[in-house]
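An overview of the molecular structure
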Amino acid sequence: MSRSICVLVLAGLAACASAPEPASPQRPSLATETPEQMVASIRASAGDGEGELAVQPLRDPMVEDLREEAQRLEAQRRHADAGAALDRAIEIVPDDPALLQERAEVALLEGDPAIAGALAERAHSLGAQVGPLCRRHWATIEKVRLLAADAAGAADAKARIEACKLAPPPRY
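Residues numbered from 1 in each chain as written. Predicted model: local features only at pLDDT ≥ 70, side-chain atom pairs only at ≥ 80, totals over all residues. Heavy atoms only, no water.

A word on the overall build of the chain
Here is the rule: Secondary structure elements follow DSSP: runs of H or I of four or more residues count as helices, runs of E of two or more count as strands, with numbering from the N terminus. Burial here depends on accessible area, computed with a 1.4 Å probe over protein chains only, as a share of the maximum for the residue type. Under 20% is buried, over 50% is exposed, and the range in between is partly exposed. Only heavy atoms enter the contact rule, under which two residues are in contact if any of them lie within 4.5 Å. Only the protein chains shown count as cover for residues, with accessible areas throughout obtained via the Shrake-Rupley method and a probe of 1.4 Å.
Within the chain, the regular secondary structure consists of eight helices and zero strands. Listed N to C, the secondary structure of the chain is α-α-α-α-α-α-α-α in terms of helices and strands. Every one of the 172 residues in the chain was classed for burial, and the buried ones make up 35%. Expressed as a percentage of contacts within the chain between residues at least 6 apart in sequence, the contacts between residues at least 24 apart total 64%. By element, 58% of the accessible surface of the chain is carried by carbon and sulfur atoms, the whole surface being about 10600 Å².

Laid out in structure tokens, this is it:
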């Protein structure tokens, strides 16, 4: 009898020791848009670039083909395939801010805000830091911070979008 009590006590202690810890509560997202709406909003934030300085790099034809393929795949809602096409383009031109930004937007569509934020920040650091592409970087960062429930960080990113506007130098 004492042996069975000992076994029960040990079994009870073992059960207590192996009980999983309760999951830490996550902060709810502050985002109210779907990923598709977020990306549409990010792209709209670029504006038309009319009347401002915008830097346009020369493009490798192979990279252009991959970008077009990614756009086609995204339109078909094949986000993972679009991401893979952009990843191949980034292997060819790893420091292209526009490619990195496009990949960040697809990462949002794939439901990976951490990757989206990292790519947008890298794109911004490599880019001209002015113009339509700059606004897309900061708009992406704003969305990522909203998803992370970082209201102050999102507000800061939103404020930086306007700082990307720079008029071209006057011509005499």
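And the narrative resumes.
Description of the nonpolar core
Our working definition: As used in this record, nonpolar core signifies buried Ala, Val, Leu, Ile, Met, Phe, Trp, Tyr and Cys residues forming a set joined through side-chain atoms within 4.5 Å.
If you look at the biggest cluster of nonpolar residues, it comprises 30 residues, and the most contacted ones within it are Leu99, Leu108 and Trp138. Among the secondary structure elements, those contributing two or more residues to this core are α2 (35–45), α3 (61–75), α4 (79–92), α5 (97–109), α6 (113–126), α7 (132–147) and α8 (151–163). For this core, the element with the most residues is α5, which contributes seven residues. Excluding anything up to four places from it in sequence, leucine 108 contacts Pro35, Val39, Ile42, Pro113, Ala116, Thr140, Lys143, Val144 and Leu147.

Considering α5
What counts here: A helix's residues, less one, multiplied by 1.5 Å, set its expected span. The definition of a polar contact used here is a pair of N or O atoms within 3.5 Å, where within protein one atom must be able to donate a hydrogen and the other to accept one, and adjacent residues in sequence count solely through side-chain atom pairs.
Counted at 1.5 Å a residue, the expected span for α5 with its 13 residues is 18 Å, and the 19 Å between its end C-alpha atoms agrees. Of all 13 residues in α5, 13 are buried; the element is thus mostly enclosed. At the N-terminal end of α5, a side-chain oxygen is found 2.9 Å from the backbone nitrogen of alanine 98, two or three residues along, and the residue is aspartate 96. Following α5 by one or two positions, glycine 111 adopts a phi angle in the positive range, close to 85°.

What to know about the pattern of salt bridges
Opposite charge on two side chains makes pairing possible when the charged atoms of those side chains draw close. This is how the line gets drawn: We count a salt bridge whenever a side-chain nitrogen from Lys or Arg sits within 4 Å of a carboxyl oxygen from Asp or Glu.
By the definition in use, this model includes 15 salt bridges. Measuring nitrogen to oxygen at the nearest pair gives 3.3 Å for the salt bridge that ties glutamate 69 to arginine 88. Of this pair, glutamate 69 sits in helix α3 while arginine 88 sits in helix α4, placing them 19 residues apart in sequence. Between aspartate 156 and arginine 145 there is a salt bridge, with the nearest N and O atoms lying 3.8 Å from each other.

Side note on the packing of α3 against α4
Definition in use: Under this scheme, a helix contributes an axis fitted over its contacting stretch, all axes are lines through C-alpha atoms, and angles between N-to-C directions fall in the 0 to 180 degree range. Here roughly perpendicular refers to angles of 65 to 115 degrees, roughly parallel to angles under 35, roughly antiparallel to angles over 145, and oblique to all remaining angles. By definition, turning the near helix anticlockwise from the far helix through less than a right angle yields a left-handed crossing, and turning it clockwise yields a right-handed one. For this classification, Asp, Glu, Lys and Arg are treated as charged, while Ala, Val, Leu, Ile, Met, Phe, Trp, Tyr, Cys and Pro are nonpolar and the rest, including Gly, are polar.
Running from N to C, α3 and α4 point in directions that differ by 165°, and their axes come no closer than 8 Å. The orientation of α3 relative to α4 falls into the category roughly antiparallel. Taken as a pair, α3 and α4 cross one another with a handedness that is left-handed. Note on element contacts: α4 touches α3 through His79, Asp81, Ala82, Ala85, Leu86, Arg88, Ala89 and Ile92, opposite Met62, Val63, Leu66, Arg67, Glu69, Ala70, Leu73 and Glu74. A per-class count over the contact of α3 with α4 returns 10 nonpolar, one polar and five charged.

A few points about α2
How we decide: Directions drawn from the helix axis to the C-beta atoms are what define this arc.
For α2, the full list of buried residues reads Met38, Val39 and Ile42. Buried residues of α2, seen end-on, are gathered within an arc of 95° and therefore sit on one face of the element. Where the residues of α2 are buried, they touch α3, α5 and α7. Phi turns positive, to about 70°, at glycine 47, one or two residues after α2.

Topic: the packing of α2 against α5
Running from N to C, α2 and α5 point in directions that differ by 155°, and their axes come no closer than 8 Å. Between α2 and α5, the angle falls in the class roughly antiparallel. On α5, the residues touching Pro35, Glu36, Val39, Ile42 and Arg43 of α2 are Gln101, Glu105, Leu108 and Leu109.

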